[in-house]
Amino acid sequence: MCGIVGILGRHQVAPIILDALRRLEYRGYDSAGIATVNEGRLDRRRALGKLVNLSDHLVHEPLPGKAGIGHTRWATHGAPTVVNAHPHRAGRVAVVHNGIIENFRALRAELAAAGLAHESDTDTETVAVLTRHHLDQGLGPAEAAFATLARLEGAFALAFLFDGEDDLMVGARQGSPLAVGHGTGEMYLGSDALALAPLTDRITYLEEGDRVVITRDGALITDAQGRRANRPVTTVRLDQATVDKAGHRHFMAKEIAEQPAVLGAALGFHCSPDKTALALPEDLDFTNTDRLTLVACGTGHYAAQVAKYWFESLAGLPCETDIASEYRYRHPVVGAANMAVFISQSGETADTLAALRHVRARIGCSVGVVNVPSSSIARESDVALPVLAGPEISVASTKAFTAQLLVLLLMALKAGQDRGHLDGAQVAAHLRALQTLPGLMRAALDREPAIADLAQGLAGVNHALFLGRGPMFPLAAEAALKLKELSYIHAEGYASGELKHGPIALIDETMPVVVLAPRDGLFAKTVSNMQEVLARQGRVVLISDRAGLAEAGPVPDSLVMPEVPDLLAPFVYAVPAQLLAYHAALARGTDVDQPRNLAKSVTVE
Ligand code: M6R
């Protein structure tokens, strides 16, 4: 939520900050702004809507200066307006913020009593006004920022810039990510390494509670107790090529198309060189694990629900799944024999991170299944397993989902082996089957023209239902989520057996009912449920393989999928789920990569 960037540079920074904000726009795109210090003078430009509006504004009113901060916003407190856009300025200080200042109302009242007014509805402006108050009382810039930070409650990543200070920036991290970038005679702050990718690959990740004072010569970091902290400088590998569209019309299209390569590479990484054995970390040991909990939000949660079937069937391991925003406030009964897995593309989702922190000290083992290896969840888990999907820019998660599935399946095989449910030969057989996955994903992608045709039929409706059984049930929910977030069509994913317990009342001749049904052991049951829909003139779209479609009999619409082993069906059937939503969004003319109201990385709760 919200992207922030700061540069103390050698060149004019506004265009460079704008470029960095483009790489952070996935975090929010309600409004954007930049502040710079030019020859000691602090100034700012802000614009409503996407970055292109700020870019236009800067053409008409350029913002000179070699020191600056920038922000792209996902509104929490205060509607998306220019007045609520960051940077917020009060007197000699400008501030950009990602997170929520929970005690801002009390602080605001206190400042009002001291005669200091606010002009916006945001929590962030209070940070600026309070810092101004401290400056007015005679504190130096860094001291004023520190005095403000000491009063703040909630989650924040903050960057401060000061009038009269061409070579100073203050940053702070508490609950929201912030990275320091090291250049040559330049220094940077950014919400993530991606923002700074073309500027530097030398990154220091701030820890919880860290404050940093930056000049062009370097960064002075202090921890939550005010002690000097030595945080390592790491070299990150993110070249520009990984974050462009590579000729595709949208990042989402590119990311869907990347899945065969991503899954092939991840398999290579997590298996032995001859691909007959697993190569997961030693610390991931299920021998004494008697219960597993999988925790995530959104798409990651549906990956967890699919994996639950695998942990039960392949490893005989009791497994439960939970939504992180619920789990973090429950009183989960956990102990030394339990393992909890936190699944997150970004590794920064506030609820998932809070869920990890909620049980980390009490649980036998915490595992982070993440796409961003330097993320907070990766760093704070006992074991971090990278899903290796590469940067995922489109707000709708696609390749990260199937990459999460792959790591979870490999974990289930490891659990089966550790617990004596599978022997080495059985694991090797499963891994052999998995080697066919990239080819099967390519075969599913080849169905795109037929899927695009089906999507035309979805594009005009207001409601849609997706049905599945077994692992296809969470996949139906994932398909519905994709359609909702991309095309704003109301969609639900249901277990097909649940249909007659209520949702069947919705069936009429207008609402599409998309049935995800590979010809597996549950196929006949799913087809019976589909017949119940057909008997009520329901508009069925059956997605199955050739044998399944032949056995099911005539349906209004269908899609022929490749034959797949049962274990691989959730991966392969994710492709039509993603492409249906993508093409429905194209047909409706919605913003594919940046759907309304959403942000990629949800770092507020
Ligand atoms: O970064 P995370 O995987 O933790 O994000 C979780 C959800 O916010 C995310 O999966 C969201 O549901 C996607 N927009 C779905 O496409």
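Residues numbered from 1 in each chain as written. Predicted model: local features only at pLDDT ≥ 70, side-chain atom pairs only at ≥ 80, totals over all residues. Heavy atoms only, no water.

## Focus: the packing of helix α12 (residues 399-418) against helix α13 (residues 424-434)
Part 1 of the reasoning: Look at α12 against α13: their axes get within 9 Å of each other, and the N-to-C directions meet at 165°. Between α12 and α13, the angle falls in the class roughly antiparallel. Handedness of the crossing formed by α12 with α13: right-handed. Two secondary-structure elements touch here, α12 through L406, L409, L410, L413 and Q417 and α13 through G424, V427, H430, L431 and L434.
Part 2 of the reasoning: Partitioned by chemical class, the residues of the contact of α12 with α13 number 7 nonpolar, 3 polar and no charged. (Axes fitted to C-alpha atoms, helices over the stretch in contact; angles between N-to-C directions. Helix = DSSP H or I, 4+ residues; strand = E, 2+ residues; numbered from the N terminus. Parallel < 35°, antiparallel > 145°, perpendicular 65-115°, else oblique. Left-handed = near helix turned anticlockwise from the far one by under 90°. Contact = heavy atoms within 4.5 Å. Nonpolar A, V, L, I, M, F, W, Y, C, P; charged D, E, K, R; others polar.)

## Focus: the pairing of strand β15 (residues 291-296)
Part 1 of the reasoning: For β15, the tally of buried residues reaches 5 of 6 residues, placing the bulk of the element in the interior.
Part 2 of the reasoning: Across 5 bridges, the pairing between β15 and strand β16 (residues 319-323) is parallel. Along β16, the bridge assignment pairs L294 with T321.
Part 3 of the reasoning: With respect to chirality, the unit in which β15 leads through helix α8 (residues 298-315) into the neighbouring parallel β16 is right-handed. (Buried < 20%, exposed > 50% of the residue type's maximum accessible area, 1.4 Å probe, protein only. Pairing = 2+ DSSP bridges. Right-handed = clockwise from strand over helix to strand, strands pointing away.)

## Observations regarding the pattern of salt bridges
Part 1 of the reasoning: By the definition in use, this model includes 33 salt bridges.
Part 2 of the reasoning: The partner of R23 in a salt bridge is D19, and the shortest N-O contact between them spans 3.2 Å. Placement of the pair is R23 and D19 together in helix α1 (residues 14-24), with a separation of 4 residues, close to one helical turn.
Part 3 of the reasoning: The partly exposed category is assigned to D19, whose relative accessible area is 33%.
Part 4 of the reasoning: E551 is the salt-bridge partner of R519, the closest N and O atoms lying 2.5 Å from each other. Linking R519 in the loop between β22 (512-516) and α17 (523-534) with E551 in helix α18 (residues 546-552), this pair joins segments that are 32 residues apart in sequence.
Part 5 of the reasoning: Where salt bridges share partners, they join R173, E208, R357, R360 and E380 into one cluster. (Salt bridge = Lys/Arg side-chain N within 4 Å of Asp/Glu carboxyl O.)

## Concerning the pairing of strand β18 (residues 365-370)
On a regular strand, each side chain points to the face opposite its neighbour's, so the side chains alternate between the two faces of the sheet.
Part 1 of the reasoning: Within β18, 6 of the 6 residues are buried, which leaves the element mostly enclosed by the surrounding structure.
Part 2 of the reasoning: Going residue by residue along β18, you find C365, V367 and V369 tucked away on one face and S366, G368 and V370 tucked away on the opposite face as well.
Part 3 of the reasoning: Of the pairings in the sheet, the one linking strand β17 (residues 338-344) to β18 comprises 6 bridges and is parallel in character. Across the sheet, residue F342 finds its bridge partner in β18, namely G368.
Part 4 of the reasoning: Taken together, β17, helix α10 (residues 350-359) and β18 constitute a β-α-β crossover, and its handedness is right-handed.
Part 5 of the reasoning: With 4 bridges joining them, β18 and strand β19 (residues 383-386) adopt parallel strand pairing. Bridge pairing links V369 to L385 in β19.

Scope: geometric values only; no functional claims are made or implied.
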